[in-house]
Amino acid sequence: MVALALGGQLRELLRRAAAGETVREGIQVQVAAGRIATMDATFSPLLGEDGQVTEIVGSGVDVTDRQAAEVALFESEQRFRSMIDNSPVPCALNDDDHHILYVNPAFVQTFGWNLSDIPTLADWWPKAYPDADYGLQVAQNWQ
């Protein structure tokens, strides 16, 4: 049995559905003694032949674990960003299309270039290796 732990919020969602609106919102529900879950709940009105709401259909998906995973991922990304931002080692990140997505402060301090100076790897190689032959050799070794 699911007991709702939010009275007023649920009443408002049901009021809106009874007025003809389909509503979707995260709600907190008590699913067991001492356990509160977050549900992605949807309430939809069903209309009779006269166009009036005759029933409200409700459904929900427990998203508690997903939300916890999203928080853990965000916290992990924050720790990683802090580590890279504060690293004394120059770091850069590029995507599969060779666009440079990020350079850390040590990169800017060491090389003197920021993202607007080197938006792609094609912009990076000639700046980093002005000798074209040597630059080609280094690029081949990287690949």
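Coordinates for the structure precede this section.
Rules behind the numbers
- Residues numbered from 1 in each chain as written.
- Predicted model: local features only at pLDDT ≥ 70, side-chain atom pairs only at ≥ 80, totals over all residues.
- Heavy atoms only, no water.
- Helix = DSSP H or I, 4+ residues; strand = E, 2+ residues; numbered from the N terminus.
- Rg over C-alpha atoms; globule rule 2.2 N^0.38 Å.
- Buried < 20%, exposed > 50% of the residue type's maximum accessible area, 1.4 Å probe, protein only.
- Contact = heavy atoms within 4.5 Å.
- Areas by Shrake-Rupley, 256 points an atom, 1.4 Å probe, with all protein chains shown as cover.
- Lys, Arg positive; Asp, Glu negative; His and termini not counted.
- Charge placed at Lys NZ, Arg CZ, Asp CG, Glu CD.
- Pairing = 2+ DSSP bridges.
- Phe/Tyr/Trp six-rings, centres within 6.5 Å; stacked < 30°, edge-to-face > 60°.
- Arc of directions from axis to C-beta.
- Polar contact = N/O pair within 3.5 Å; in protein donor to acceptor, adjacent residues only side chain to side chain.

Observations regarding the overall build of the chain
Moving on, step 1. Counting its secondary structure elements, the chain contains 5 helices and 6 strands.
Moving on, step 2. Compactness check: the chain gives a C-alpha radius of gyration of 27 Å against a globular reference of 15 Å for 143 residues, more than 25% above the reference.
Moving on, step 3. Taken along the three principal axes of its C-alpha coordinates, the chain extends 80 × 40 × 25 Å.
Moving on, step 4. The buried share of the chain, taken over its 143 residues, is 22%.
Moving on, step 5. When contacts within the chain are restricted to residue pairs at least 6 apart in sequence, those whose partners lie at least 24 apart make up 19%.
Moving on, step 6. For the chain, the exposed surface amounts to about 10100 Å²; the carbon and sulfur share of it is 54%.
Moving on, step 7. Side-chain charges in the chain split into 9 positive and 20 negative, and the spacing between the mean points of these groups amounts to 10 Å.

Focus: the pairing of strand β3 (residues 35-47)
Moving on, step 1. Across 9 bridges, the pairing between strand β2 (residues 23-32) and β3 is antiparallel. Looking across to β3, one finds that G26 is bridged to D40.
Moving on, step 2. The turn joining β2 and β3, which pair antiparallel and follow one another in sequence, is formed by 2 residues; a positive phi near 80° is taken by G34.
Moving on, step 3. With 9 bridges connecting them, β3 and strand β4 (residues 53-62) associate as antiparallel partners.

A short note on the packing of aromatic side chains
Moving on, step 1. Inspection of every chain in the model, using the stated rule, returns 7 aromatic pairs.
Moving on, step 2. Considering the side-chain rings of W113 and W124, the 5.6 Å spacing of their centres and the 80° angle between planes classify their relative orientation as edge-to-face. Here W113 is found in the loop between α3 (105-111) and α4 (121-128), whereas its partner W124 is found in helix α4, with 11 residues between them in sequence.
Moving on, step 3. Classification of W124 by relative accessible area gives buried; the value is 14%.
Moving on, step 4. Ring geometry for W125 against Y129: centres 5.5 Å apart, planes inclined by 25°, an arrangement best described as stacked.
Moving on, step 5. The exposure class of Y129 is partly exposed, given its relative accessible area of 22%.
Moving on, step 6. By the ring-pair criterion, three or more aromatic residues cluster together here, those being F107, F111, W113 and W124.

Here's the deal with helix α5 (residues 132-142)
What sets the pattern is the α-helix's 3.6 residues per turn: residues three or four places apart point alike.
Moving on, step 1. Those residues of α5 not exposed but buried are G135, V138 and A139. Within α5, the buried residues cover an arc of 100° as seen down the axis, which keeps them to one side. Along α5, exposed side chains directed more than 90 degrees from the buried face belong to D133, L136, Q140 and N141.
Moving on, step 2. Looking at the buried positions of α5, the neighbouring elements they touch are α4.
Moving on, step 3. Its side-chain oxygen at 3.0 Å from the backbone nitrogen of D133, D131 defines the N-terminal cap of α5.

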